[in-house]
Amino acid sequence: MTTVTARTVEYQADGLTMIGHLALPADADRRPGVLIGPEGPGLSDVERRRADVLAELGYVALAFDLHGGRYLGDPEEMLARCMPLLADPGRMRDIGHAALDVLRAEPRTDPDRIAAIGYGTGGAIALELGRDGVDLRAIGTVNALTTGRPGEAARIRCPVWAGVGSEDPIMPPAQRDAFAAEMQAAGVDWRLVVYGGALHAFHHPPVDQAVVPGVGHHPRHARRAWRDIVGLLAECLPVVPSGAL
């Protein structure tokens, strides 16, 4: 493990001033970069900690913002913003590209070695970057089995890993099937892991505020999903130790 330095970064997207969390390993080498997209309520300490952990593993990690520095703890407010966003691939791509530009501009980032991971709305944005033809090394999502516009999945140029809870009412079996069919028809290198007994947002620790129906934490599967994501990065975006080049 390496010592992590972290800072907030401000940038413009979707007509808002976004406030992301950038985490860096301690040394001065260029390292692969990872975008981390949050669930619908927005960037929280959960994603910030995950960025820090990835920096400990040797990645430059940016946990990006969705709502201009706000966390939308009220479910109605969150849905009022996220549902139109999820219905607009162009807006999702713009948010993703703005964060990607910040990550690529960081001198410590190897701009040719970047992956995107995300949860819920943030995962949908990661997938839209792939459908937009962005050169990513991997895409990993949890609770984000969205399908895109016809034919655009063929632009995805990297492996895609997706995780979902078997009891997730927001991502039901029909949506899993549609996602799988889209990936398969496009010739994508894809994997879908169904975590038995888990609800939507099973990876996220419990929160104090109200949540939409069908959300629930599953500690065991949360640990497994994180290990699966780290494994995806190790496979597709390995960190080259200092002095190895």
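This write-up is about the structure you can find in this document. (Residues numbered from 1 in each chain as written. Predicted model: local features only at pLDDT ≥ 70, side-chain atom pairs only at ≥ 80, totals over all residues. Heavy atoms only, no water.)

## Topic: the packing of aromatic side chains
Right, on to step 1. For the structure shown, the criterion picks out 1 aromatic pair.
Right, on to step 2. When the centroid spacing of 5.2 Å and the interplanar angle of 45° are considered together, the rings of Tyr 195 and Phe 202 count as tilted.
Right, on to step 3. Sitting above the plane of the Tyr 119 ring, Arg 50 keeps its charged end 4.7 Å from the centroid. (Phe/Tyr/Trp six-rings, centres within 6.5 Å; stacked < 30°, edge-to-face > 60°. Lys NZ or Arg CZ within 6 Å of the ring centre and 35° of its normal.)

## Focus on unusual backbone geometry
Right, on to step 1. We note that Asn 143 has phi near 60°; this positive angle belongs to a residue other than glycine.
Right, on to step 2. Mapped onto the fold, Asn 143 is located in the loop between β6 (139-142) and β7 (160-165).
Right, on to step 3. Look at Asn 143 and you get buried, because its relative accessible area is 0%.
Right, on to step 4. Backbone geometry at Ala 201 places phi at a positive 55°, although glycine is not the residue there.
Right, on to step 5. Tracing the chain through its elements places Ala 201 in the loop between β8 (190-195) and α6 (219-236).
Right, on to step 6. By relative accessible area, Ala 201 is classed as buried at 8%. (Helix = DSSP H or I, 4+ residues; strand = E, 2+ residues; numbered from the N terminus. Buried < 20%, exposed > 50% of the residue type's maximum accessible area, 1.4 Å probe, protein only.)

## Section: the pairing of β6
Right, on to step 1. Residues Ile 139 and Thr 141 point to one face of β6 and Gly 140 and Val 142 to the other, with burial holding for every one of them.
Right, on to step 2. Between the parallel elements strand β5 (residues 109-119) and β6, the chain passes through helix α4 (residues 121-131) in a crossover that is right-handed.
Right, on to step 3. As paired elements, β6 and β7 share 4 bridges and run parallel to each other. If you follow Ile 139 over to β7, its bridge partner there is Val 160. (Right-handed = clockwise from strand over helix to strand, strands pointing away. Pairing = 2+ DSSP bridges.)

## Considerations on the pattern of salt bridges
Right, on to step 1. Evaluation of the coordinates by the stated rule reveals 15 salt bridges.
Right, on to step 2. A salt bridge links Arg 93 to Glu 128, with the shortest nitrogen-to-oxygen separation between them at 2.9 Å. Placement of the pair is Arg 93 in helix α3 (residues 89-105) and Glu 128 in helix α4, with a sequence separation of 35 residues. Here Arg 93 matches Glu 128 in class, with each residue buried.
Right, on to step 3. The structure contains a network of salt bridges with shared partners spanning Arg 93, Glu 128, Arg 131, Asp 132, Arg 149, Glu 152, Arg 155 and Glu 182. (Salt bridge = Lys/Arg side-chain N within 4 Å of Asp/Glu carboxyl O.)

## Quick look at the pairing of β8
Right, on to step 1. Sheet topology note: the β7/β8 ladder contains 6 bridges and is parallel. Bridge pairing links Val 164 to Val 194 in β8.
Right, on to step 2. Handedness of the β-α-β unit built from β7, helix α5 (residues 173-185) and β8 comes out right-handed.

## A few points about empty space enclosed by the protein
Right, on to step 1. In this structure the tally under the stated criterion is 1 cavity of 30 Å³ or more.
Right, on to step 2. Approximately 30 Å³ is the volume found for the largest cavity.
Right, on to step 3. A per-element tally of the lining of the largest cavity places α6 first, with 4 residues.
Right, on to step 4. Within the lining of the largest cavity, the residues separate by chemical class into 6 nonpolar, 1 polar and 1 charged. (1 Å grid on protein atoms, 1.4 Å probe; cavity = no way out; pocket = protein on both sides within 12 Å on 5 of 7 lines; lining within 4 Å. Points joined across faces, edges and corners; volume = space filled by probe spheres on them. Nonpolar A, V, L, I, M, F, W, Y, C, P; charged D, E, K, R; others polar.)

## As for the side chain of Ser 44
Right, on to step 1. With respect to the helices and strands, Ser 44 occurs in the loop between β3 (31-37) and α1 (45-56).
Right, on to step 2. A polar atom in the side chain of Ser 44 sits 2.8 Å from the side chain of Glu 47.
Right, on to step 3. When residues no more than four places from it in sequence are discounted, the contact partners of Ser 44 are Tyr 71 and His 204. (Polar contact = N/O pair within 3.5 Å; in protein donor to acceptor, adjacent residues only side chain to side chain. Contact = heavy atoms within 4.5 Å.)

## Some words on the packing of helix α2 (residues 75-86) against α3
Right, on to step 1. Direction vectors running N to C along α2 and α3 enclose 100°, while the axes themselves pass 6 Å from each other. What the angle tells us is that α2 and α3 run roughly perpendicular. Facing Arg 81, Pro 84, Leu 85 and Leu 86 of α2, the residues of α3 in contact are Arg 91, Met 92 and Ile 95.
Right, on to step 2. Grouping the amino acids of the contact of α2 with α3 by side-chain chemistry returns 5 nonpolar, no polar and 2 charged. (Axes fitted to C-alpha atoms, helices over the stretch in contact; angles between N-to-C directions. Parallel < 35°, antiparallel > 145°, perpendicular 65-115°, else oblique.)

## Regarding the sheet that holds β8
By way of backbone hydrogen bonds, the strands of a sheet pair with one another, either parallel or antiparallel.
Right, on to step 1. Overall, mixed pairing links the 8 strands, which are arranged β1-β2-β4-β3-β5-β6-β7-β8 in an open sheet. Unpaired on one side and paired on the other, β1 (5-13) and β8 mark the two borders of the sheet. Taking the axes of each pair of neighbouring strands and ignoring which way they run, one obtains an average angle of 20° across the sheet.
Right, on to step 2. In the packing of α6 onto the sheet, contacts are made with β3, β5, β6, β7 and β8, and the angle to β8 comes to roughly 165°.

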